[in-house]
Amino acid sequence: MNGQTMYDRLFGADAHTLVADGLFLHGTARIGTQEVAVIGTLDHAAIDVSIALRIAEAVLHVVRDDAADGKPPRPIVFMADTQGQALSRHEELLGLNGYFAHIVRCVDLARRQGHRLLTVISGEAVSGGFLAYGLMADRICALPKSQVRVMDLRAMSRVTKISLERLEELAKQSPVFAPGAENYWRMGGIHELWSEDDDWSACLAAALGKVASSDDRAAIGLERGGRLLAAPTAQLVANP
Amino acid sequence: MEQFSLTLPSDALPQNIASATLCGVVSSGNLEILVEPAAASDACRIVVNTSAHGFRDIWEAVLKDFARRHSVGGLSLSINDAGATPAVVSLRLDQAFETCRGELA
Amino acid sequence: MNGLQISYFEASARKRLSELVDAGSLVEFCPPEMRQTSPHLAMLDAPLAFDDGVVTGRASLSGHKVLIAAQEGRFNGGAVGEVHGAKIRGLLDRALSERPAAVLLLIDSGGVRLHEANAGLIAISEIMRAVLRVQAAGIPVFALVGGSCGAFGGMGIVTRLCTEVVMSEQGRLGLSGPEVIETVKGVEEFDSRDRALVWRITGGKLRRALGEATLLVDDLIPAFRTAAAKLIERYRAHPPVPADLDELLGAQAELTERSVRFAAARDGREIWQADFAEASRVPEMTVAEFNALLGEAA
């Protein structure tokens, strides 16, 4: 499915003005009667300094514009499609981690200003690129065929020196290391998995209604049986 | 990982130890030892969890030597090992013993 | 050994902690004897640590109450798994009710633990949000970076979310480690065995010059202690307030300017050259000389 078809299915063909500018995506859309800002990346973008700055700036402009207009803060929908962080000496020299932290602070400002934050994983969501903004939303939803991971099993096998066959076998029992949106759902890292048959724009409207600004992903992971120790361990330290 | 435990007779440590102490770090060729008080004062209980398979005899020799050299009755030792040599194990055991005594109540 | 001589880089997490805080003041939360170990490492038949590679607790530092977490870089590269991450998150949650003078994160980590990568990634995102919550409550969070694993991956992002970042020259801060970049992009892009180069790209002097590390200290535990004590005093008088729109627009402008100014830079030398007359001497300078160069008291 190309991007336009996907955006049409999510927001309705005549209800959005999404513009792709290189690998950066932005615009406004309507979910029901609610206007939302849309910010994201496409084509499995590697997030580098320049895209990071554009994401952060877009978030800041939504906050600024709504405050200036005296409008109620619009929800922000992050469209996450990233293969991870850009890998280069130059990006590291500039401090790419600091650029990502800047996005996170901007997203946090939006949250504190009352913008509801929703992520739709629309392609890949991989490690650092996913951490930078997608994982910072209050509710995270994945379209079908989304690829969510830190590292594929082949690479993991090389690094951990555990055979691929053994990893594949263990991945059937545990959601904890193998790629897959389903695994992240079981661990509470993704709130909703949408199917091909779903009415995505109805899903989106429903998801927006469920956004809560507290971080209860560990409790969800416990409830779904995919992350049994995070909530009780945090509790042991927080409130023994 | 290979796990085994043994209980070695040893003279009682003269005093009770106040709390658990941890010595060492689990990294390649190294180990950590958690020392805690145990019920029986005339023996040292040791649980070993090691990544190096098939060296139980050597472990037992090193641990017996340790229990002979020191009065460690009443102590429980739990060991996480990532392939330390017998010399390193022996050194860490001595350090763990010193550390737990240094924190006597 | 003379206590003043202890290298922060060489010390274990527990050693750093015991020398950093007031003697005997540490009370550990979820201590090793609770054996809250990683079931995922066990499933993959990998060695366990009783504290899962991170010490969490309460202590006093120069008489001030702090909550503190110290990652053990020698256990699985200080990498964050489910339990390890949850301990840090729990500590940050605790700060909201205990209201310490500061939370200290002694970061020594390559990022996500691959054996439990999905849990680690989610855990780091939870830590990121928790760090921001704590600061929004007016409690400063200080990152101390001077261990052998540095602060990379998600923990590199966490570090930059902290109120202040104290680094030694030996400490390293970044996102992707040199080994990862070399593996994917080739040795011509980044030779991870060229230690001098690695430090010029990721090390404390580069990060301090860019303003990412807010204090550069000697590789000695007491130097980190002095810096932490100084910061605690400073923030007691002026608690952190969450960044507002103007502050973040300012940060946006600064980061944009940096990316334009150093649009082609591939070596820390180019950054030092832009700011310092004696740039070529920077790698050999003592911390005191370097700080003097930055125009601040050592």
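Residues numbered from 1 in each chain as written. Chains lettered and ligands numbered in written order. Predicted model: local features only at pLDDT ≥ 70, side-chain atom pairs only at ≥ 80, totals over all residues.

The name given to chain C in an unreviewed UniProt entry is Malonyl-S-ACP:biotin-protein carboxyltransferase MADC, with the source organism recorded as mine drainage metagenome.

The criterion, for reference: UniProt positions are given in the numbering used here, feature names are shortened, and annotations may be inferred rather than shown by experiment.
You'll find chain B entered in an unreviewed UniProt entry as Malonate decarboxylase acyl carrier protein, with mine drainage metagenome given as the organism. Its UniProt record gives chain B a comment under Subcellular location (unreviewed entry), which states: "Cytoplasm".

**Describing the arrangement of the chains**
As a reminder of what qualifies: We call two residues in contact when their backbone-placed C-beta atoms lie within 7 Å.
Sorting the two pairs of chains in contact by contact count puts chains A and C at the top. Over all C-alpha pairs, chain A and chain B never come within contact, reaching a minimum spacing of 13 Å.

**Comments concerning the interface of chain B and chain C**
Formally: Helix and strand labels come from DSSP, where a helix needs a run of H or I of at least four residues and a strand needs a run of E of at least two; each type is numbered from the N terminus. Gly falls in the polar group here, along with every residue not listed as nonpolar (Ala, Val, Leu, Ile, Met, Phe, Trp, Tyr, Cys, Pro) or charged (Asp, Glu, Lys, Arg).
The interface of chain B with chain C comprises 13 residues on the first partner and 13 residues on the second. Tallying contributions element by element places strand β3 (residues 31-37) of chain B first for the side of chain B that touches chain C, with three residues. Partitioned by chemical class, the residues of the side of chain B that touches chain C number seven nonpolar, four polar and two charged.

**Let's talk about the packing of helix α6 (residues 153-160) of chain A against helix α7 (residues 164-171) of chain A**
Residues and elements named next belong to chain A. Put simply, the rule reads: Here an angle of 0 to 180 degrees is reported between the N-to-C directions of two axes, which are lines fitted to C-alpha atoms, with helices fitted over the stretch in contact. Working definition: roughly parallel below 35 degrees, roughly antiparallel above 145 degrees, roughly perpendicular at 65 to 115 degrees, and oblique for all remaining angles. Working rule for handedness: look at the near helix, and if it is turned counterclockwise from the far one by less than a right angle, call the crossing left-handed; if clockwise, right-handed.
For the pair α6 and α7, interaxial distance at closest approach is 9 Å and the crossing angle is 120°. In terms of orientation, α6 lies oblique with respect to α7. Regarding α6 and α7, the two cross each other, and that crossing is right-handed. Between α6 and α7, the residues in contact are Leu 153, Arg 154, Met 156 and Ser 157 and Leu 164, Leu 167, Glu 168 and Ala 171, respectively.

**Side note on the pairing of strand β6 (residues 117-126) of chain A**
Residues and elements named next belong to chain A. Threshold: We call a residue exposed when 12 or fewer other C-beta atoms sit within 10 Å of its C-beta, buried when the count reaches 20 or more, and partly exposed for counts in between; the C-beta positions come from the backbone. A strand pair is defined by DSSP finding two or more bridges across the two strands. Handedness of a crossover: with both strands directed away from the viewer, a clockwise path from the first strand across the helix to the second marks it as right-handed.
Of all 10 residues making up β6, 10 are buried, and the element is well covered by its neighbours. Alignment of strand β5 (residues 76-85) against β6, held across six bridges, turns out to be parallel. Residue pairing for β6: Ala 80 is matched across the bridge by Ile 121. Once you follow β6 into helix α5 (residues 127-132) and on to strand β7 (residues 139-142), the crossover reads as right-handed. Summarising the sheet, β6 and strand β8 (residues 147-149) pair through three bridges and their orientation is parallel.

**A short note on the interface of chain C and chain A**
Between chain C and chain A, the residue contacts involve 68 residues of the former and 66 residues of the latter. Secondary structure elements with two or more residues in the side of chain C that touches chain A: α2 (39-43), α3 (82-98), α4 (117-136), α5 (154-161), α6 (178-185), α7 (195-202) and α10 (245-261) of chain C. Considering each element in turn, the side of chain C that touches chain A owes the most residues, 13 residues, to α4(C). Counted by class, the side of chain C that touches chain A contains 37 nonpolar, 17 polar and 14 charged residues.

**A word on the sheet that holds β3(B)**
Residues and elements named next belong to chain B. Taken in spatial order, the five strands of this open sheet run β1-β4-β5-β3-β2, and their pairing is mixed. The open sheet terminates on both sides in strands that have one partner only, identified here as β1 (2-9) and β2 (21-23). Going across the sheet, the axis of each strand differs from the next one's by a mean of 15°, ignoring polarity. The pairing of strand β4 (residues 43-50) with strand β5 (residues 75-81) spans six bridges and is parallel. Residue Arg 45 lies in a different strand from β5, and its bridge partner there is Ser 76. Lying on the sheet, helix α2 (residues 86-102) is in contact with β2 and β3; it crosses β3 at an angle near 35°.

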